[in-house]
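Structural characterization, general
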Amino acid sequence: MRSLFKSIALALAIASPTVMAADDINIIVVSHGQANDPFWTVVKNGVEAAGKDMSVKVDYRAPETFNMVEMSALIDAAVNQEPAGLIVSIPDAQALGASIEKAVKAGIPVISMNSGVEASAKLGALLHVGQEELVAGRKAGEKLKEMGGKKGLCVNQEVGNVALDQRCQGFKEGFGEVEVIPTSNDPADVKAKVRAALEKATDVDTILALGASTAGEPTLAAIEEVGKTGKIHVGTFDMSANFLKAVAEGKAAFCIDQQQYLQGYLPVTFLANYARFGLMPGGNVPSGPNLVTKDKAAQVVELSAKGIR
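This section reports on the structure supplied with the text. (Residues numbered from 1 in each chain as written. Predicted model: local features only at pLDDT ≥ 70, side-chain atom pairs only at ≥ 80, totals over all residues. Heavy atoms only, no water.)

Some details on the sheet that holds strand 5 (residues 128-130)
Backbone hydrogen bonds hold the strands of a sheet together, and the pairing may be parallel or antiparallel. Here six strands make up an open sheet; going across it, the order is 2-1-3-4-5-11 and the pairing parallel. On the outer flanks of this sheet lie strand 2 (57-61) and strand 11 (285-286), each paired with one strand and no other. Strand direction decides the pairing type here: strand 5 and strand 11, joined by two bridges, are parallel. Opposite Val129, over in strand 11, you have Val285 as the bridge partner. Where helix 2 (residues 38-54) meets the sheet, it contacts strand 1 (26-30), strand 2 and strand 4 (110-114), and its direction lies at approximately 165° from that of strand 2. (Pairing = 2+ DSSP bridges. Helix = DSSP H or I, 4+ residues; strand = E, 2+ residues; numbered from the N terminus. Contact = heavy atoms within 4.5 Å. Axes fitted to C-alpha atoms, helices over the stretch in contact; angles between N-to-C directions.)

The following block contains the structure:
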């Protein structure tokens, strides 16, 4: 994928005498991703790879915690720098809407990624790169129900993030009886709360985590501590090398891959081509969901460890 976009960009650059100099193209990315979340490291890797492939400057920024006030301030600061393009995640459209609309009114092309597909066009973004979270949650719920699950838990490490709330809602729609377990983004907190929930409700047979490293791995640890490894169906959104290994070994059911590398990579390539040639896809780009089950897990472990999958 990277080589394809790079070849196209180079061919166009050679053919056109009006190509904007790389020094003139600065693209800023503002996400809500927390510094300790490996998921967002993969997004950032995609951003940086696209910047290199497209020969443009990229600047990735994010608050240290899930903080919409701080994120809004980061977007405002980016607008003041007048970049050639702005990429944002939209976990809370109400909190971030004014800042995003300010960018659009200033004439800055905006693409949203990861979260906020419903609000993206309303706020003036050119398109969205990501997955439909409600649909992804429903797909996970249906799969877990097919596996025989009757009573489930949804482990939400970022309550208030609309995208994650939608995942739990979709899980309920596809599965049935589900209790939401709110936690922080601290794996130790996740493990403690999942273990407490399992000790309280001994008939729970299914768990869906909303992040592989932050919630999925500590969930597996909690299940092991209560002696139910292999007895509870476990799925997670996103991927990590350790969770993929658990899937390959039959200790977990699946990962939901939304291909976050592409969520970072594609918007940069789109905005670079837009700045140079006025080119832009005509609609949103779905990056997922893709279920990675036992038959596929071993194939992507290495890429996950490298920060690509």
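Concerning helix 3 (residues 68-80)
In this model, helix 3 (13 residues) spans 18 Å end to end at C-alpha, consistent with the 18 Å of a helix rising 1.5 Å per residue. Those residues of helix 3 lying buried are Met68, Met71, Ser72, Ile75, Ala78 and Val79. Seen along its axis, helix 3 keeps its buried residues to an arc of 120°; they face one direction. In helix 3, those exposed residues whose orientation departs by more than 90 degrees from the buried face are Val69 and Asn80. Packing partners of the buried residues in helix 3 comprise strand 1, strand 2, strand 3 (85-88) and helix 4 (93-105). (Expected span 1.5 Å × (residues − 1). Buried < 20%, exposed > 50% of the residue type's maximum accessible area, 1.4 Å probe, protein only. Arc of directions from axis to C-beta.)

Concerning the side chain of Asn161
By the secondary structure assignment, Asn161 is in the loop between strand 6 (151-156) and helix 7 (162-175). Reaching out from Asn161, the side chain makes a polar contact with the backbone nitrogen of Ala163 at a distance of 3.0 Å. With residues near it in sequence (within four places) discarded, Asn161 still touches His32, Phe66 and Pro91. (Polar contact = N/O pair within 3.5 Å; in protein donor to acceptor, adjacent residues only side chain to side chain.)

Comments concerning helix 4
The first and last C-alpha atoms of helix 4 sit 17 Å apart over 13 residues, in line with the 18 Å expected at 1.5 Å per residue. Here helix 4 has its buried residues at Leu96, Gly97, Ser99, Ile100 and Ala103. Those residues of helix 4 hidden inside the fold are in contact with helix 3, strand 3 and strand 4. For helix 4, the N-terminal cap is Asp92; the gap from its side-chain oxygen to the backbone nitrogen of Gln94 is 3.2 Å. Just past helix 4, the residue Gly107 takes up positive phi, approximately 85°.

Considerations on the sheet that holds strand 9 (residues 233-237)
Overall, mixed pairing links the six strands, which are arranged 7-6-8-9-10-12 in an open sheet. Strand pairing shows two members of the sheet lacking a second neighbour, strand 7 (177-182) and strand 12 (290-292), which therefore form its edges. The sheet shows a mean angle of 20° between the axes of neighbouring strands, direction not considered. Strand direction decides the pairing type here: strand 6 and strand 8 (residues 206-209), joined by four bridges, are parallel. Bridge pairing in strand 8 links Gly152 to Thr206. Across the face of the sheet, helix 8 (residues 187-200) comes into contact with strand 6, strand 7 and strand 8 while running at roughly 160° to strand 6. Seen against the sheet, helix 9 (residues 212-225) touches strand 6, strand 8 and strand 9 and runs at an angle of roughly 165° to strand 9.

Points about the state of the cysteines
The full count for this structure, using the stated rule, is one disulfide. Across the disulfide from Cys154 sits Cys168; the S-S distance is 2.1 Å. The sign of the S-S torsion, about -90°, decides the handedness of the disulfide formed by Cys154 and Cys168: left-handed. Of the two residues, Cys154 sits in strand 6 while Cys168 sits in helix 7, which places them 14 residues apart along the sequence. No difference in accessibility class separates Cys154 from Cys168, as the two residues are buried. In this structure Cys255 is not part of a disulfide, and its nearest cysteine sulfur, from Cys154, lies 15 Å away. (Disulfide = S-S within 2.5 Å.)

With respect to the environment of Thr206
Of note, Thr206 is situated in strand 8. In this structure the C-alpha to C-alpha distance between Thr206 and Val178, which are 28 residues apart in sequence, comes to 8.9 Å. Contacts of Thr206, omitting those with residues within four sequence positions, involve Leu144, Gly149, Lys150, Lys151, Gly152, Leu153, Phe171, Phe175, Ile232 and His233. For Thr206, the side chain forms a polar contact with the side chain of Asp205, separated by 2.9 Å.

What about the packing of aromatic side chains?
Within this structure, the stated rule accounts for three aromatic pairs. Aromatic pair Phe171 and Phe175: ring centres 5.2 Å apart, planes at 40°, arrangement tilted. One end of the pair is Phe171 and the other is Phe175, both in helix 7 and four residues apart, which spans about a single turn. When sorted by exposure, Phe171 lands in the same class as Phe175, which is buried. With centroids separated by 6.1 Å and ring planes inclined at 15°, the aromatic side chains of Tyr261 and Tyr265 adopt a geometry described as stacked. Placement of the pair is Tyr261 and Tyr265 together in helix 11 (residues 260-277), with a separation of four residues, close to one helical turn. Classification of Tyr261 by relative accessible area gives buried; the value is 10%. Tyr265 gets classed as buried once you look at its relative accessible area, which sits at 1%. (Phe/Tyr/Trp six-rings, centres within 6.5 Å; stacked < 30°, edge-to-face > 60°.)

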